[in-house]
Amino acid sequence: MAVIIPPVAASYKTPSPPSTSRLSAPHPSGHRTLLPVGPAYVNHLRLSLHHQHSFSALDKHLEAEAQRLASLNANANTEVDDLGVGSEEEDDSILTLDPKEWKKHDYYKVLGLSHLRHNATQEQIKFAHRKKVLKHHPDKKASSTAPTSTSAFLTGVNLNTNDDAFFKCISKAHEVLSNPEKRRQFDSVDPHFMDLEEDMPTAAETKSKNFEFFKTFTHVFDLYSRFSKVQPVPGLGHIDSTKEEVEGFYDFWYNFDSWRSFEWMDKEVNEGSDSRDDKRYTEKKNKTERARRKKEDIAKVRGLVDLALSVDPRIKRIKQQEKEAREAKKRGASGKAGPSKTKQQEEQDKKRLEEEAAQKEAAEQAARADAKKAKAAAANAAKKARRQARAAEGS
């Protein structure tokens, strides 16, 4: 149905804008002002200065410029430095992780940082996380690797729920490793480090002929040095290290101050429990367990230091040098050096001292035997005297 607009009354007049209005009447046609800002003004200059007001020439120029910028961006994207992270092979043990067991995960392996671990920077962690998200985001998987479904109700829905679970593991790994406090707790019980701890050298292994002291213990102390509050940590050194260097090394490790903690291994409060007593009991038990593990860790490090000191080949050399220094000092104090003895003379002196010791021991044994006999004779005489006295009294 047509709508009929009634005509304007003959007495109607167009109202004039008030003086305070921000609106102004439009410019007459052909007298509009172009403000000298923005891309429109730049294109206006290009059109008038470089293309003689030819719109087709300007369009060709803009199209060529867009292609040039696209080419530059494509080259730049291919040359982006990925910082060497996030490209490690993902086996089934990683892709099938259960998000509910998040405390058992190796987060460095989840993000593809196994080769860096505690040395990974925050920038590398951020880049690795971005790489994993682009690869395993559920929305992307829904359109690429999701199983097909014949049901119309499931069209476009991601049926690869396992990959959704791994994406949750990726998010949790980034949450932990990007938080300094949580990352320190995780690094304290890093699964890779815990495995290496099981292969620490034992006293029996150090007695082997093929045991390499410096190679073995340099690796041991490098592992534990990551936990030191004091940095840098002195190195083990080499076979020709000075006495001061050796003493400084062992003094540092006997006073080793570790930041390692074990909060990551705390037990969670029972799910669904709002009991204050349950929470207090769990917190108390966790605190006790942390203290126990910390004490065991300190004892383990101290035991490794004791073991290293007991088999350190430099200690024997240092003791020999100290002995020679003391003897030289004694000779210098007496003002003259005694005549050096030959090996045969030393053996003769040793034999003579042994013979004198044997003779002294034999004399002492004979004296003890005589004293024993005299004591027995005196006891017999006293006994005989008592019998005679009793017999005299009876008569």
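This is a predicted model, so every value here is computed, not measured.

Asker: Would you mind showing me how to read unusual backbone geometry here?
Answerer: Residues apart from glycine generally show negative phi values, whereas peptide bonds are mostly found in trans. The omega angle of the peptide bond from Gln231 to Pro232 is 0 degrees, so this bond is cis rather than trans. Turning to its location among the elements, Pro232 is positioned in the loop between α11 (213-224) and α12 (243-254). Although it is not a glycine, His53 adopts a positive phi angle of roughly 60 degrees. Here His53 lies in the loop between α1 (38-49) and α2 (55-78). Positive phi outside glycine occurs at Arg117, with the angle close to 50 degrees. Relative to the elements of secondary structure, Arg117 occurs in the loop between α4 (107-110) and α5 (122-136).

Asker: What exactly am I supposed to notice about the nonpolar core here?
Answerer: Counting residues in hydrophobic clusters, the biggest one holds 25 residues, and the most contacted among them are Phe217, Phe221, Tyr224, Tyr250 and Trp253. No other element matches α11, which puts six residues into this core. Listed in part, the 24 residues of the second largest apolar core include Tyr107, Tyr108, Phe167 and Ala173.

Asker: What's the story with helix α8 (residues 180-188) in this structure? I'm lost.
Answerer: Because the α-helix completes a turn every 3.6 residues, residues three or four places apart line up on one side. Along α8, the residues that are buried comprise Arg183, Gln185, Phe186, Asp187 and Ser188. Of the residues flanking the start of α8, the one acting as N-cap is Asn179, its side-chain oxygen 3.0 Å from the backbone nitrogen of Glu181.

Asker: Even after reading the chapter, I still don't get the confidence of the model for the protein, so can you show me in this structure?
Answerer: In low-pLDDT regions, the fine details of the predicted coordinates are not to be read closely. Here the protein shows a mean pLDDT of 83. Residues at 70 or above account for 82%. Highest mean pLDDT in the protein belongs to α8 (96); lowest belongs to helix α6 (residues 138-144) (66). Within the model, pLDDT remains below 50 along residues 149-161, and this stretch shows 13 contacts once partners closer than five positions in the same chain are excluded.

Asker: Is there a simple way to explain the packing of aromatic side chains in this structure?
Answerer: Here a ring pair, both rings aromatic, is described through the centre-centre distance and the interplanar angle of the planes. Under the definition given, this model contains 19 aromatic pairs. Measuring from centroid to centroid gives 5.6 Å for Trp102 and Trp264, while their planes differ by 90 degrees, and the two rings are edge-to-face. Highlighted residues: Trp102 in the loop between α3 (92-95) and α4 and Trp264 in the loop between α12 and α13 (276-311), separated in sequence by 162 residues. Through pairs of rings, three or more aromatic residues link up here, namely Phe211, Phe213, Phe214, Phe217, Phe221, Phe249, Tyr250, Phe252, Trp253 and Phe256. Residue placement shows Arg184 over the ring face of Trp259; its charged tip is 4.5 Å from the ring centre.

Conventions used here
Along each chain, numbering runs from 1 in the same order as the chain's sequence is written. Selection of residues for local features in this predicted model requires a pLDDT of at least 70, selection of side-chain atom pairs for listing and counting requires 80 or more, and totals for whole chains, interfaces and linings are taken over all residues. To obtain the side-chain values, all non-hydrogen atoms of the structure were used and water was disregarded. Helix and strand assignments follow DSSP, with helices taken as H or I runs no shorter than four residues and strands as E runs no shorter than two, numbered in order from the N terminus. For this analysis, a nonpolar core means a set of buried residues of the types Ala, Val, Leu, Ile, Met, Phe, Trp, Tyr and Cys, connected via side-chain atoms within 4.5 Å. Exposure is judged per residue with a 1.4 Å probe applied to protein chains only, and the accessible area is read against the type maximum: over 50% gives exposed, under 20% gives buried, and values in between give partly exposed. Here a polar contact is recorded for every N or O atom pair within 3.5 Å, except that within protein the pair must consist of a potential hydrogen donor and a potential acceptor, and residues adjacent in sequence are included only if both atoms are side-chain atoms. Confidence per residue, as judged by the predictor, is encoded in pLDDT with a range of 0 to 100. Contacts between residues were defined by any pair of non-hydrogen atoms, one from each residue, lying within 4.5 Å. Side-chain rings of Phe, Tyr and Trp (the six-membered ring for Trp) are treated as a pair once their centres are within 6.5 Å; stacked means planes under 30 degrees apart, edge-to-face means over 60, and tilted covers the remaining angles. Either the NZ atom of lysine or the CZ atom of arginine qualifies as a charge over a ring when it sits within 6 Å of the ring centre and within 35 degrees of the ring normal.

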